[in-house]
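The chain contents come next:
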Amino acid sequence: MEKFIETLTKYLGAIDDFVWGPVMLVLLVGTGIFITVRVGFLTWRNLPYALKSTLSKESRKTHRGTGDVSPFAALTTALAATIGTGNIVGVATAMVSGGPGALVWMEISAIFGLTTKFSECMLAIKYREVNDRGEMTGGPMYTMKKAFKNKTFGSVMGWLFALFAVIASFGIGNLTQANSIASSLHSTFNTSDIAVGVVLTILSLVIIVGGIKSISRISSVVVPFMAIFYVVGGIIVIIGNYQNLPTGIAMIFKMAFSPSAIGGGLAGTITASVMNAMRYGVARGCFSNEAGMGSAAITAAAATTDDPVRQGYINMTGTFWDTIVVCTVTGLCIASSGVLGTVDPSTGKLYKGAALTMASFHTVLGRVGTVVVCIGIALFAFSTILGWEYHGEKAFEYLAKGPKYNMVYRVVFSLIVFVGATTTLDIAWTFSDIANALMAVPNLICLLILSGEIRSEMLRFQEVLKKERQE
């Protein structure tokens, strides 16, 4: 059995390296760059409007247009799925494997990811449907099925996307998240994995069985709280290490673009190339903010709105909050702490993953810092489980041609949480990475094909914005 697992790990690793190779990096970032240029940088120019809309009281109301939940609830549910372990573990992993410069490539991919996220969400709302229970249902699979002129091609692409989304929901959205919660709580508080698994499973079941309204109700409270809690802790750490901050930032940019950069001082023994920094930065960035994967579009389709473009802008800010705010805070904490590239005394190996982020917080906050990161991981990961359940459920509903088996999916998904919490599944992380890529490919192809439609919708809405600003 051990030999089988070892062989499987080896082959999955090879597949992971291939799917996240140069072709995927070019497709992910390239799609964002192409559409950003094609729409005349409107997503960048209207980012202030998008942020203002997100934070307004209007976004919490459901009187404008049709939908299941408020615009803000749709965003926070999508954010629940995206602000997860990628913001803590993913950033640390990227900075160890790809060097500190990986943070720059995470930011670059996020800047263009704003447009990608906007596009997939806007199209999902435009082509959403009402199911047999009167609920909104949408996402890239419906966009492909309804918007493509070649209906056979659209149906095949939509089916593949939905299949990969269901697989990803059990990997990135469940097993890896539950495992992160259990392992971080065990290392910090010496808790029992089985006890944590039982509690997580019960909590998940209670919330998930209530559907999107129950999930969004919890998300709209938990997501803002957990993000503020973690970011405030991170800013305190950065201020505490302020003397290292200029050197840390210089090191990040130097190792992002240097052909073969060797860490020193704040980067310890880290060695990386530009290709490595790009590969891990873009891959971890995508794992974190999910721009280009199409998952957030599934939740966006449930929003109450009178215009797909309006909600597209609101959902677009998810990438801003996730990567440009939360991931940057994590990256600067690590870069200014002096623990990157150093050895963990308890293991005799380099600090990496959650242990690296915890060690960086510990430099200023001591034991409290470790607890802050642990609670951050638990809240981030649990919210991801909730958000991804909805993504996977809607993809499953598409494959099952209706919502009649949705409750079965909800129960099975909740029970899988226990498996993730009580089993060490290194393979699950690699598998999740592969599933992410397989989701992204049909979605990105869809966005490129429909880029002209995206542009025309945005230009139409510019006139709406002009009128609203004059009122």
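Just above sits the structure.
Our subject in this report is the structure included herewith.

Cut-offs applied
Residues numbered from 1 in each chain as written. Predicted model: local features only at pLDDT ≥ 70, side-chain atom pairs only at ≥ 80, totals over all residues. Heavy atoms only, no water. Helix = DSSP H or I, 4+ residues; strand = E, 2+ residues; numbered from the N terminus. Rg over C-alpha atoms; globule rule 2.2 N^0.38 Å. Buried < 20%, exposed > 50% of the residue type's maximum accessible area, 1.4 Å probe, protein only. Contact = heavy atoms within 4.5 Å. Lys, Arg positive; Asp, Glu negative; His and termini not counted. Charge placed at Lys NZ, Arg CZ, Asp CG, Glu CD. Core = buried A, V, L, I, M, F, W, Y, C linked by side-chain atoms within 4.5 Å. Salt bridge = Lys/Arg side-chain N within 4 Å of Asp/Glu carboxyl O. Disulfide = S-S within 2.5 Å. Axes fitted to C-alpha atoms, helices over the stretch in contact; angles between N-to-C directions. Parallel < 35°, antiparallel > 145°, perpendicular 65-115°, else oblique. Left-handed = near helix turned anticlockwise from the far one by under 90°. Expected span 1.5 Å × (residues − 1). Arc of directions from axis to C-beta.

**Side note on the overall build of the protein**
- Along the backbone of the protein there are 20 helices and 6 strands.
- Its C-alpha atoms give the protein a radius of gyration of 21 Å, within 12% of the compact-globule value 23 Å for 471 residues.
- Dimensions of the protein along its principal axes, counting C-alpha atoms only, are 55 × 45 × 40 Å.
- The 471 residues of the protein split such that 60% are buried.
- For the protein, contacts bridging at least 24 residues in sequence account for 82% of all contacts bridging at least 6.
- Across the protein, the mean location of the 35 positive side-chain charges is 5 Å away from that of the 27 negative side-chain charges.

**Considerations on the nonpolar core**
- Of all hydrophobic cores here, the largest spans 132 residues; its most connected members are Ile-181, Tyr-313 and Ile-454.
- For this core, the leading source of residues is helix α17 (residues 367–399), giving 14 residues.
- Among all residues touching Ile-454, those that are not within four sequence positions of it are Ile-35, Val-39, Phe-118, Ser-119, Met-122, Leu-123 and Leu-447.

**Thoughts on the environment of Leu-465**
- Topologically, Leu-465 is positioned in helix α20 (residues 451–470).
- A residue is classified by how much of its surface remains accessible, and Leu-465, at 1% relative accessible area, is buried.
- Between the C-alpha atoms of Leu-465 and Val-26, which are 439 residues apart in sequence, the distance is 33 Å.
- Residues in contact with Leu-465, not counting those within four places in the same chain, are Asn-46 and Tyr-49.

**A look at the pattern of salt bridges**
- One pass over the structure, following the stated rule, counts 15 salt bridges.
- Residue Lys-466 is joined to Glu-463 by a salt bridge in which the shortest nitrogen-to-oxygen separation is 3.7 Å. With Lys-466 and Glu-463 both in helix α20 and 3 residues apart, this pair spans about one turn of that helix.
- Each of Lys-126, Asp-307, Glu-453, Glu-457 and Arg-460 takes part in salt bridges that share partners, so that together they form one network.

**Re the state of the cysteines**
- Throughout the structure, instances matching the rule amount to 0 disulfides.
- Looking at Cys-333, it has no disulfide partner, and the nearest cysteine sulfur is the one in Cys-327, 12 Å off.
- Classification of Cys-333 as buried rests on a relative accessible area of 0%.

**Description of helix α8 (residues 140–147)**
- With respect to burial, α8 is a largely interior element, 6 of its 8 residues being buried.
- Along α8, the residues that are buried comprise Pro-140, Met-141, Tyr-142, Thr-143, Met-144 and Ala-147.

**Looking at the packing of helix α9 (residues 151–189) against helix α10 (residues 193–208)**
- One way to put it is that α9 packs onto α10 with a least axis distance of 10 Å and a crossing angle of 135 degrees. On the basis of their axis angle, the class for α9 and α10 is oblique. Between α9 and α10 lies a crossing of right-handed hand. Counted together, Ala-178, Ile-181, Ala-182, Leu-185 and His-186 of α9 and Asp-193, Val-196 and Leu-200 of α10 form the full contact between these two elements.

**Digging into helix α1 (residues 2–19)**
- When the terminal C-alpha atoms of α1 are compared, their 26 Å separation across 18 residues agrees well with the 26 Å that a helix rising 1.5 Å per residue should span.
- All of the buried residues along α1 are Leu-12, Asp-16 and Val-19. In a view along the axis of α1, the buried residues occupy a sector of 65 degrees, so they form one face of it. In this structure, α1 carries Lys-3, Glu-6, Lys-10, Tyr-11 and Phe-18 as exposed residues pointing more than 90 degrees from its buried face.

**Regarding unusual backbone geometry**
- The backbone phi angle of Phe-41 is positive, close to 60 degrees, even though this residue is not glycine.
- Even without being a glycine, Asn-190 presents a positive backbone phi close to 60 degrees.
- Within the secondary structure, Asn-190 sits in the loop between α9 and α10.
- For Asn-190, a relative accessible area of 60% translates into the label exposed.

Everything listed here is a matter of geometry and, on its own, says nothing about what the molecule does.
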